[in-house]
Amino acid sequence: MKKILLTAGALLAWTGCAVAGAGGATVSIPTEDYKAILQRLDTLQKRVDQMEKADSPSGKASSAAMPTKLAKDVENIFDTLDKVETKTLKDRINLGAELRTRVDSFKLKNDPTPMGPPMNGVGALDHNDNYWTNRFRLNMDAEIQKNLLFTGRLTAYKNFANEGNGVNNDANQAHTPGNSSLKLDRAYVDWIPEGMPIPLALTFGRHPSSEGPPSELKENRLRQSTYPSLLFDGEADGVVATIGLERYLGWKNSGIRFAWGKGYQDTNASTAYLDNPGNQYEDTNVYAMFFETEIPGVRDSLLVLSALQATDINSAMLGTGTAAAKIGNMGLYGIHAQANNVVDSGFDIFLSTGINKTDPNGRTDITGMGLLNNDGTTEHSGWSVYTGLRYNIPYKPWNNPKVGFEYNHGSEYWASFTWGSSELYNKLATRGDAYDFYYIQPFNDNLFGRLGYTHINYDHGMATGLYGEPGDSNAVLDNVYFLLDCRF
Amino acid sequence: MQKRIVTMLTAMSLMLPAVALAASGDALFLQSCGACHKKGGKAAIVNPADKAGSVWDKYFARGRHTVDMGMSDADLQAVVKYLVSHAADSDQPAAAVIPK
């Protein structure tokens, strides 16, 4: 206000001086200057009018109305937020999806008949130059409450232009191409009960038990299973109790797990008691214990010690159709170690080992096959080693691609539970040597391609089986593939 | 067989404990942000999964963290990258949960 009055006064004084200086006579000034003065006076007048208006009773009422208007606007925003929050809370499940299209070229030499080729579900062909599949996954998760989490996945995996394929069983129905129906890949709840004297979690349902460490390196994603893939890779129903040990040991992400699941359940829906007393089927139970931790001093690493026992294994477990028989038990033990981006080198490395030991019970099925024997009584032990690395190429123009190599060797009587393998030929069940090369090319955050070549020299057959003597094999399998993965 | 054992041992030797030579986003997040954002600390506990990735980006771009973090631009970038990579809408590992 002071500034305005001073300016007006200065202009008036200047005009007055001009008039006084001329002795009361008219003073000529340039037209432009005159117009500028008038414009300036007009602006000043408007500002004075505004200020007088604000100071007037009606002006004061208008100013007082501003907070009321603001309050109303804030109320409207809260109402809108309420609607958004309500809608969000009603959306109980978060959804994500994946689509994979893959083309494989397979070539199998020295097909080990009469036991059949080692590939899951593929017939007697010795090569297929372009075998196309599509795999769709619907991922679900929900934070039901702070300590109650749900995770699930439905999968449809099919061949191009074909609604059927080879053998599917409960352990691999979402991991073997079949028809276009959705299969329950996993659906489990993690519950951390409150008020427990020790940190305890219960996980129940259909477990995250496939594509476990170190599969995520080749799959270009984060860890997908509780269990190392060399020992257990398949869909499984069960319960896991986990005790957190970080607060006791000081080792990050350490815990001990006690797991139980069924490898086979004898149910017969046509009877009220869901049991068929006339057959030889028995439930196959799998009991397991795991200790896992981040390796002390090694950032982004994992160490898992595993011990599993499968009891009352019978041939019906694999749906072979042969007359079932309990043929024995098998123990499986392993150590898995893995470290990502070691010393910031860009290298991810892993080493996994496994030992299996059979405990046959003297029985064979009607074809004469026992638990890794043909007499029902001979015990066998096997072993396997699985190692590899992946290098993250720091080349931004190509979106930092990755290149990897894996090698695994299995002995004559090596056997584990990997029927849900993402590779049709169940690479980790190999009794021989398998070499696996791959290159991952990201196109953006959601889409990437993978080109790969796998070469397997089989020393012994029956890569997928627990039944009968493995026998010798000279089979050689070559697989070249390319896939596109879209995840969002 | 001998060759296999040598290969295994070579691979295992790479697993010996090693220390990261350069500060990573997760280390910076724990050290710098964790100095205040901790139980009983000056600020509330922060979990990267509290916000979606793009929300984290905008949070710092809009200068909403009013307290001076005392970090260089490069370090702040590393922290934001860590937060985005572990954000609510990022990929999460799938395994039976281990309680703390």
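You'll find the structure just up there.
The structure reproduced in this document is the subject of the present report. Please read all numbers here as calculations on a predicted model, not as lab measurements.

Here the focus is the overall build of chain A. Scanning chain A from N- to C-terminus turns up 5 helices and 16 strands. Counting only residues that meet the buried cut, chain A has 36% of its 488 residues in that class. Counting contacts in chain A only where the partners sit at least 6 residues apart, residues at least 24 apart contribute 60% of the total.

The helix and strand inventory of chain B stands at 4 helices and 0 strands. In sequence order, the secondary structure elements of chain B are arranged as α-α-α-α. Out of the 100 residues belonging to chain B, those deemed buried represent 15%. Partitioning the intrachain contacts of chain B with sequence separation of at least 6 by distance along the chain shows that 70% fall at a separation of at least 24.

Below, the discussion takes up unusual backbone geometry. All names here are of chain A. Residue P214 follows P213 across a cis peptide bond; omega there is 5°. The residue P214 is located in the loop between β5 (200-206) and α4 (215-219) in this model. With a phi close to 60°, N220 is a non-glycine residue in the positive phi region. Relative to the helices and strands, N220 is located in the loop between α4 and β6 (237-244). Using a count of 18 C-beta atoms within 10 Å as the deciding quantity, one classes N220 as partly exposed.

It is worth spelling out the interface of chain B and chain A at this point. Across the boundary between the two partners, chain B contributes 22 residues, which contact 38 residues of chain A. Across the side of chain B that touches chain A, the residue classes break down as 18 nonpolar, 1 polar and 3 charged.

Take the packing of helix α3 (residues 53-61) of chain B against helix α4 (residues 73-85) of chain B next. Residues and elements named next belong to chain B. Interaxial distance between α3 and α4 falls to 8 Å at its minimum, and their mutual angle equals 155°. Comparing the axis directions of α3 and α4 gives the class roughly antiparallel. In this structure, α3 crosses over α4, and the sense of that crossing is right-handed. Counted together, G53, W56, D57 and F60 of α3 and L76, V80, L83 and V84 of α4 form the full contact between these two elements. Counted by class, the contact of α3 with α4 contains 6 nonpolar, 1 polar and 1 charged residues.

On to the environment of E163 of chain A. Residues and elements named next belong to chain A. Inspection of the secondary structure puts E163 in the loop between β3 (148-159) and β4 (183-191). For E163, a count of 10 C-beta atoms within 10 Å corresponds to the exposed category. For the pair E163 and N361, spaced 198 residues apart in the sequence, the C-alpha separation amounts to 40 Å.

Residues and elements named next belong to chain A. In this structure, L231, L308, I313, L371 and L466 are the most contacted members of the largest nonpolar core, which totals 41 residues. In terms of residues, this core owes the most to one element, strand β9 (residues 301-314), which gives 5 residues. Those residues in contact with I313, other than ones at most four positions away along the chain, are T284, I327, G328, N329, M330, L371 and L466. If you look at the next biggest cluster of nonpolar residues, it comprises 9 residues, including F106, L108, A434 and I456.

All names here are of chain A. With respect to the helices and strands, H207 occurs in the loop between β5 and α4. For H207, a count of 27 C-beta atoms within 10 Å corresponds to the buried category. For the pair H207 and T176, spaced 31 residues apart in sequence, the C-alpha separation works out to 18 Å. H207 has contacts with R186, Y188, T226, A236, G238 and V240, leaving out every residue within four places of it along the chain.

What follows deals with helix α2 (residues 31-55) of chain A. Over its 25 residues, α2 of chain A extends 36 Å from the first C-alpha to the last, a length consistent with the 36 Å expected when each residue adds 1.5 Å. With 0 of 25 residues buried, α2 of chain A is to be regarded as a mostly surface element.

Right, let's get into the pairing of strand β13 (residues 402-410) of chain A. As judged from the 9 bridges shared by strand β12 (residues 381-392) of chain A and β13 of chain A, these two strands associate in the antiparallel manner. Considered in β13 of chain A, the bridge of G388 of chain A is made with E406 of chain A.

Now for the pairing of β12 of chain A. Summarising the sheet, strand β11 (residues 347-360) of chain A and β12 of chain A pair through 11 bridges and their orientation is antiparallel. Across the sheet, residue N356 of chain A finds its bridge partner in β12 of chain A, namely G382 of chain A.

The rules behind each value
- Residues numbered from 1 in each chain as written.
- Chains lettered and ligands numbered in written order.
- Predicted model: local features only at pLDDT ≥ 70, side-chain atom pairs only at ≥ 80, totals over all residues.
- Helix = DSSP H or I, 4+ residues; strand = E, 2+ residues; numbered from the N terminus.
- Buried ≥ 20, exposed ≤ 12 C-beta atoms within 10 Å, placed from the backbone.
- Contact = placed C-beta atoms within 7 Å.
- Nonpolar A, V, L, I, M, F, W, Y, C, P; charged D, E, K, R; others polar.
- Axes fitted to C-alpha atoms, helices over the stretch in contact; angles between N-to-C directions.
- Parallel < 35°, antiparallel > 145°, perpendicular 65-115°, else oblique.
- Left-handed = near helix turned anticlockwise from the far one by under 90°.
- Core = buried A, V, L, I, M, F, W, Y, C linked by C-beta atoms within 7 Å.
- Expected span 1.5 Å × (residues − 1).
- Pairing = 2+ DSSP bridges.

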